[in-house]
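# Inside the fold
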Amino acid sequence: MASRLIQLTFVLLFLRRRPDYKFTDTYRKKARSLLQLYIIMEEPEAMEVDDNTFNGIQHSQSAPQLQRVLSEEEKRCSICLDDFIDKKILDKCTHPFCKGCIELHFTYKPTCPVCGTVYGKVIGTQPEGTMTISSSKRRSLPGHEAHGYISVSYDFPDGTQTDVHPKPGKPYYGTSRTGYLPDSPKGRIVTRLLKVAYDRRLVFTVGRSRTTGQDDCVTWNDVHHKTTLSGGPQNFGYPDPTYLDRVLEELAAKGVTEADLHEAPESVIK
């Protein structure tokens with residue numbers, strides 16, 4: 001429920017500050033469900049949030065109620081959902097919390113619990129394994145014909161889950177995976193940042209595989225890899241013109257940026 005309140009606060013804040021904003025279809029679907037939840041609770045007779053209601057809801061009969069909820073939420077810490085005690089405003093994203101709440105949260109994960117902005121080095125739940133990086137000039141990847149390619153291989157043996165995993169003390173199944181990147185200047189930057197992410201235990205985790213549905217196995221942790229050399233995105237291969245940029249965004253979301261390249265020098269690519 002806390003996460004829904006946080007999301008709802010964002011929707012209400014945006015509606016109040018940007019009454020004429022034209023929402024994308026994706027955002028509209030997400031926000032509409034939250035607004036529907038609120039209106040059903042506050043106005044049971046309004047059982048559907050259609051486009052007209054959504055686009056003009058800040059001008060509707062619900063607007064005063066929505067703004068009252070927003071005003072109340074702005075006075076509360078999004079972690080404990082109570083009034084602020086020794087209010088602390090984060091410097092990058094400006095979200096406010098109780099000083100004690102956010103300091104305790106940062107001991108577990110140094111990210112803003114509202115927007116995910118990273119404040120420090122995030123350490124993940126990746127189990128013990130190996131990462132091997134090598135380059136080859138023998139062939140190129142589709143879309144990167146001027147360069148060779150880099151292979152990044154991971155190997156994780158079977159093991160036992162620890163306290164950071166879903167089922168401590170229970171076994172998990174290992175895996176072996178190989179990803180491919182162009183041996184271009186940007187490809188080398190991405191490869192080095194993948195090494196930083198691996199060292200911070202962010203590339204894999206233990207849980208349910210989204211591909212096979214198997215539980216208790218080593219699986220990707222939202223840093224996408226190209227596991228085939230060709231065949232396009234539908235086959236997890238190349239060409240894919242925006243792939244490197246997307247991976248940089250995924251790494252940045254985990255706090256790994258080009259500012260961290262010093263942790264993985266060029267020499268990591270053999």
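For every chain, the first residue of its written sequence is number 1, and the numbers climb from 1 along that sequence. Totals for whole chains, interfaces and linings use all residues, but because this is a predicted model, local features are given only for residues with pLDDT of at least 70 and pairs of side-chain atoms are given and counted only at 80 or more. Side-chain figures throughout are based on the complete set of non-hydrogen atoms in the structure, without hydrogens or water.

### Some points on the nonpolar core
- In this structure, Tyr154, Leu194 and Leu251 are the most contacted members of the largest nonpolar core, which totals 37 residues.
- Contributing elements (two or more residues each) for this core: strand 3 (130-136), strand 4 (149-156), strand 7 (175-182), helix 6 (185-199), strand 8 (204-207) and helix 7 (243-253).
- Ranked by the residues each element gives to this core, the list is headed by helix 6, at six residues.
- Only heavy atoms enter the contact rule, under which two residues are in contact if any of them lie within 4.5 Å. The contacts of Leu194, once residues within four sequence positions are left out, are Met131, Tyr154, Leu181, Val203, Val223, His225, Val247 and Leu251.
- Residues enter a nonpolar core if they are buried and are Ala, Val, Leu, Ile, Met, Phe, Trp, Tyr or Cys, with the set joined through side-chain atoms within 4.5 Å. Note on classification: 1.4 Å probe, protein chains only; a residue is buried when its accessible area is under 20% of the maximum for its type, exposed when over 50%, partly exposed between these limits. Formed by 11 residues, the second largest nonpolar core is a distinct cluster that contains Cys77, Cys93, Val114 and Tyr119. Put simply, DSSP marks the helices as runs of H or I at least four residues long and the strands as runs of E at least two long, and each gets a number from the N terminus on.

### As for the packing of aromatic side chains
- Here a pair means two rings of Phe, Tyr or Trp (six-membered ring of Trp) with centres within 6.5 Å. Their orientation is stacked below 30 degrees between planes, edge-to-face above 60, and tilted elsewhere. Taken as a whole and assessed by the stated rule, the structure comprises nine aromatic pairs.
- With 6.0 Å between their ring centres and 65° between their planes, Tyr149 and Tyr180 make a pair best called edge-to-face. One end of the pair, Tyr149, is in strand 4; the other, Tyr180, is in strand 7, with 31 residues separating them in the sequence.
- What makes Tyr149 buried here is its relative accessible area of 12%.
- Here the aromatic residues Tyr154, Phe156, Tyr198, Phe204 and Trp220 are joined through ring pairs into a cluster of three or more.

### Concerning the side chain of Ser209
- Of note, Ser209 is situated in the loop between strand 8 and strand 9 (217-220).
- Assessed through its relative accessible area of 8%, Ser209 is described here as buried.
- Among all residues touching Ser209, those that are not within four sequence positions of it are Gln214, Cys217 and Thr219.

### So, the packing of helix 6 against helix 7
- Between helix 6 and helix 7, the least distance of the axes is 10 Å, while the angle of their chain directions is 30°. On the basis of the axis angle, helix 6 is roughly parallel to helix 7. Handedness of the crossing formed by helix 6 with helix 7: left-handed. Contacts from Lys186, Gly187, Val190, Leu193, Leu194 and Ala197 of helix 6 reach helix 7 at Leu244, Asp245, Val247, Leu248 and Leu251.
- Grouping the amino acids of the contact of helix 6 with helix 7 by side-chain chemistry returns eight nonpolar, one polar and two charged. Comment: axis = line fitted to C-alpha atoms, over the contacting stretch for helices; angle = value between 0 and 180 degrees taken between N-to-C directions. Roughly parallel covers angles under 35 degrees, roughly antiparallel covers those over 145, roughly perpendicular covers 65 to 115, and oblique covers all other angles. Each helix crossing is assigned a hand: it is left-handed if the near helix lies turned anticlockwise from the far helix by less than a right angle, otherwise right-handed if that turn is clockwise. In this classification, Asp, Glu, Lys and Arg are treated as charged, Ala, Val, Leu, Ile, Met, Phe, Trp, Tyr, Cys and Pro as nonpolar, and every other residue, Gly included, as polar.

### Regarding the layout of surface pockets
- Counted as a void, the largest pocket has a volume near 570 Å³.
- What lines the largest pocket is a set of 24 residues, among which Arg177, Thr211, Trp220, His224 and Phe236 lie closest to the centre.
- Only strand 7, strand 9 and helix 7 provide two or more residues apiece to the lining of the largest pocket.
- Here the residues of the lining of the largest pocket sort into nine nonpolar, 10 polar and five charged. Here a cavity denotes a set of grid points, spaced 1 Å apart and computed over the protein atoms alone, in which a 1.4 Å probe fits but from which it cannot get out, and a pocket denotes an open set meeting protein on both sides within 12 Å along at least five of seven lines; residues with an atom within 4 Å of a point are reported as lining. Grid points are joined across faces, edges and corners, and a volume is the space filled by probe spheres set on the points.

### Observations regarding the UniProt feature "domain: RING-type" (unreviewed entry) in the protein chain
- UniProt positions are given in the numbering used here, feature names are shortened, and annotations may be inferred rather than shown by experiment. According to UniProt, the positions carrying the feature "domain: RING-type" (unreviewed entry) are residues 77-115.
- Secondary structure content for residues 77-115 is 26% helix and 15% strand, while the C-alpha to C-alpha distance between its ends is 14 Å.

### Re the pattern of salt bridges
- Any carboxyl oxygen of Asp or Glu within 4 Å of a side-chain nitrogen of Lys or Arg constitutes a salt bridge here. Scanning the model with the defined rule gives 15 salt bridges in all.
- We note a salt bridge from Asp260 to Arg200, for which the minimum N-O separation is 3.2 Å. You can see Asp260 sitting in the segment after helix 7 and its partner Arg200 sitting in the loop between helix 6 and strand 8, a full 60 residues away along the chain. An identical accessibility class is assigned to Asp260 and Arg200; each is buried.

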